[in-house]
Amino acid sequence: MQSSLLRSLLFVPGNSEKMLQKALQAHADALVPDLEDSVPKEEKVTARNLVSKVLPSMRAQIHKRIQIIPRVNSFYTQWFEEDLKAVLQPGVSAVTIGKVETAEEMKEIVKAVAEKEKEASLPPNSVKVIPWLETAKGIAYAREICACGSRLVAIAFGAEDFTADMQIERTASGKEFYHARNWISIAARASKLLALDSPWPHFKDLNGLEEDCRIAKAMGYKGKFSIHPANIDTINQQFSPSMKEVELAKKIVEAFEAARKAGRGSTSVDGTMVDEPVYRRAKAVIEQESLLQDANNASSL
């Protein structure tokens, strides 16, 4: 799953069959039927039953490269166990779980997923886990949570719950949570996990969304959740390398490899020094572009 694209992940309220069907037309890399924050308490069971019922048809109607990653209610809620049982079905590549706060909790979640996976007769370790870190405690233990095993493939940052927990205002600039946001990206990278960013709340402000994506990308985030289908194309564009970036990356790789063959450890491209770290960054851009091309080719088949 780590080799798959996860630039854009679209939340869909699990208690709305109309919205679940409409989401199938979005160009998201992953659809996230939601049983947690977008569903009121009195609708939790209804949403669970509906999502469980429609998952097979969702999988049948979308391209195989598009992942289905339901979000279940957090571990200590009354709904967690039954949520897992309902959504662990063929075609579900991962589950995402809100408000994880400690490594011990994360290990219990992983254990529960393994048990429900077995009960559902799914291949071992086929359903991955994406925890949300969205409280001060969860972010403080980010490094330990990220190190909880191979079932984890990504870590998500929840800005809305984090600012609520900190009792601070969430602003459009997001400067108040830069440290937490950056720390999650670092912790994820240390465990070779993807860092996935919090949704942009002002979904009609596409210019603001672009800037928010640029900030997250600069921090090392590889994708972003969304609460509205209209934001997906912008997110995909911002988390994909531009033609200019790819062309420069190819120039850097070519120049550095030529310098290395000549016995030099550095060179320059367009007046800028190129050494080993710059070369590795350029290679990563080219690899991402290759992955994107493979996905586009697969979608056209």
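Residues numbered from 1 in each chain as written. Predicted model: local features only at pLDDT ≥ 70, side-chain atom pairs only at ≥ 80, totals over all residues. Heavy atoms only, no water.

**Quick look at the domain arrangement of the chain**
Many descriptions give the size of an interface as the accessible area lost when the pieces come together.
Thinking step 1. Assigned domains of the chain: these are domain 1 (8–239) and domain 2 (243–298).
Thinking step 2. Here domain 1 and domain 2 have C-alpha centroids that lie 32 Å from each other. (Domains from an automatic or database assignment.)

**Considering the nonpolar core**
Thinking step 1. Counting residues in hydrophobic clusters, the biggest one holds 66 residues, and the most contacted among them are Leu31, Val95, Met106, Ile109 and Phe157.
Thinking step 2. The contacts of Leu31, once residues within four sequence positions are left out, are Leu10, Ala23, Leu24, Met58, Ile62, Ile66, Gln67, Ile68 and Ile69.
Thinking step 3. Formed by 15 residues, the second largest nonpolar core is a distinct cluster that contains Ile69, Ala94, Ala154 and Leu194. (Core = buried A, V, L, I, M, F, W, Y, C linked by side-chain atoms within 4.5 Å. Buried < 20%, exposed > 50% of the residue type's maximum accessible area, 1.4 Å probe, protein only. Contact = heavy atoms within 4.5 Å.)

**Side note on the UniProt feature "domain: HpcH/HpaI aldolase/citrate lyase" (unreviewed entry) in the chain**
Thinking step 1. Within this numbering scheme, the UniProt entry marks residues 7–229 as carrying the feature "domain: HpcH/HpaI aldolase/citrate lyase" (unreviewed entry).
Thinking step 2. The distance separating the terminal C-alpha atoms of residues 7–229 is 14 Å; by composition the span is 42% helix and 17% strand. (UniProt positions renumbered as here; feature names shortened; annotations may be inferred. Helix = DSSP H or I, 4+ residues; strand = E, 2+ residues; numbered from the N terminus.)

**Let's talk about the UniProt feature "binding site: Mg(2+)" (unreviewed entry) in the chain**
Thinking step 1. Under the present numbering, the feature "binding site: Mg(2+)" (unreviewed entry) in UniProt falls on Glu134 and Asp161. Spanning 28 residues, the annotated positions come together in the fold, the maximum distance between their C-alpha atoms being 5.4 Å.
Thinking step 2. With respect to the helices and strands, Glu134 occurs in the loop between β6 (128–133) and α5 (136–140).
Thinking step 3. Residue Glu134 is classed as buried on the basis of its relative accessible area of 2%.
Thinking step 4. Discounting residues that sit within four places of it in the chain, Glu134 has contacts with Gly98, Lys99, Gly158, Asp161 and Phe162.
Thinking step 5. At 2.8 Å, the side chain of Glu134 and the backbone nitrogen of Lys99 are in polar contact. (Polar contact = N/O pair within 3.5 Å; in protein donor to acceptor, adjacent residues only side chain to side chain.)

**Brief notes about the packing of helix α3 (residues 80–87) against helix α4 (residues 103–119)**
Thinking step 1. Between α3 and α4, the least distance of the axes is 10 Å, while the angle of their chain directions is 45°. On the basis of the axis angle, α3 is oblique to α4. Here α3 and α4 pass one another in a crossing that is right-handed. The segment α3 lies against α4, with Phe80, Glu81, Leu84 and Lys85 engaging Ile109, Ala112, Val113 and Lys116. (Axes fitted to C-alpha atoms, helices over the stretch in contact; angles between N-to-C directions. Parallel < 35°, antiparallel > 145°, perpendicular 65-115°, else oblique. Left-handed = near helix turned anticlockwise from the far one by under 90°.)

**Some details on the pattern of salt bridges**
Thinking step 1. On inspection of all chains with the given rule, the structure shows 22 salt bridges.
Thinking step 2. Ionic pairing is found between Asp212 and Arg181, a salt bridge with its closest N-O pair at 3.1 Å. In this pair, Asp212 sits in helix α9 (residues 206–218) while Arg181 sits in helix α8 (residues 178–190), placing the two residues 31 residues apart along the sequence. Both residues of the pair, Asp212 and Arg181, belong to the buried class.
Thinking step 3. Its salt-bridge partner being Lys251, residue Asp270 comes within 3.1 Å of it at the nearest N-O pair. Of this pair, Asp270 sits in the loop between β10 (267–269) and β11 (272–274) while Lys251 sits in helix α11 (residues 243–261), and the two are 19 residues apart along the sequence. (Salt bridge = Lys/Arg side-chain N within 4 Å of Asp/Glu carboxyl O.)

**Quick word on α4**
Thinking step 1. In this model α4 runs 24 Å from its N-terminal to its C-terminal C-alpha over 17 residues, within 8% of the 24 Å that 1.5 Å per residue would give.
Thinking step 2. Here α4 has its buried residues at Ala103, Glu105, Met106, Ile109, Val110, Ala112, Val113, Lys116 and Glu117.
Thinking step 3. The inward-facing, buried residues of α4 contact α3, β5 (94–97), β6 and α6 (142–146).
Thinking step 4. Following α4 by one or two positions, Ser121 adopts a phi angle in the positive range, close to 60°. (Expected span 1.5 Å × (residues − 1).)

**Considering the environment of Lys53**
Thinking step 1. Note on placement: Lys53 falls in helix α2 (residues 44–61).
Thinking step 2. Judged by relative accessible area, Lys53 falls into the exposed class, the value being 54%.

**Description of α11**
Thinking step 1. For α11, built from 19 residues, the straight-helix expectation of 27 Å at 1.5 Å per residue is met to within 8% by its first-to-last C-alpha distance of 27 Å.
Thinking step 2. If you check which residues of α11 are buried, you get Val246, Ala249, Ile252, Val253, Phe256 and Ala259. Seen from one end, α11 has its buried residues packed into an arc of 160°, which puts them on one side. Set apart from the buried face of α11 by more than 90 degrees, the exposed residues are Met243, Lys244, Glu254 and Lys261.
Thinking step 3. The positive-phi residue at the C-terminal boundary of α11 is Gly263, with phi of around 90°. (Arc of directions from axis to C-beta.)

**What about the state of the cysteines?**
Thinking step 1. Scanning the entire structure with this criterion turns up zero disulfides.
Thinking step 2. For Cys146, which is in no disulfide, the shortest distance to another cysteine sulfur is to Cys148 and amounts to 8.5 Å.
Thinking step 3. Under the relative-accessibility criterion, Cys146 is labelled buried at 3%. (Disulfide = S-S within 2.5 Å.)

**What about the packing of aromatic side chains?**
Thinking step 1. One pass over the structure, following the stated rule, counts eight aromatic pairs.
Thinking step 2. Considering the side-chain rings of Phe75 and Tyr76, the 4.9 Å spacing of their centres and the 70° angle between planes classify their relative orientation as edge-to-face.
Thinking step 3. By the ring-pair criterion, three or more aromatic residues cluster together here, those being Phe11, Trp132 and Phe225.
Thinking step 4. The ring of Trp79 carries Lys44 above its face, with NZ or CZ at 5.3 Å from the centroid.
Thinking step 5. Over the ring of Trp132 we find Arg71; its NZ or CZ atom is 5.4 Å from the centre of that ring. (Phe/Tyr/Trp six-rings, centres within 6.5 Å; stacked < 30°, edge-to-face > 60°. Lys NZ or Arg CZ within 6 Å of the ring centre and 35° of its normal.)

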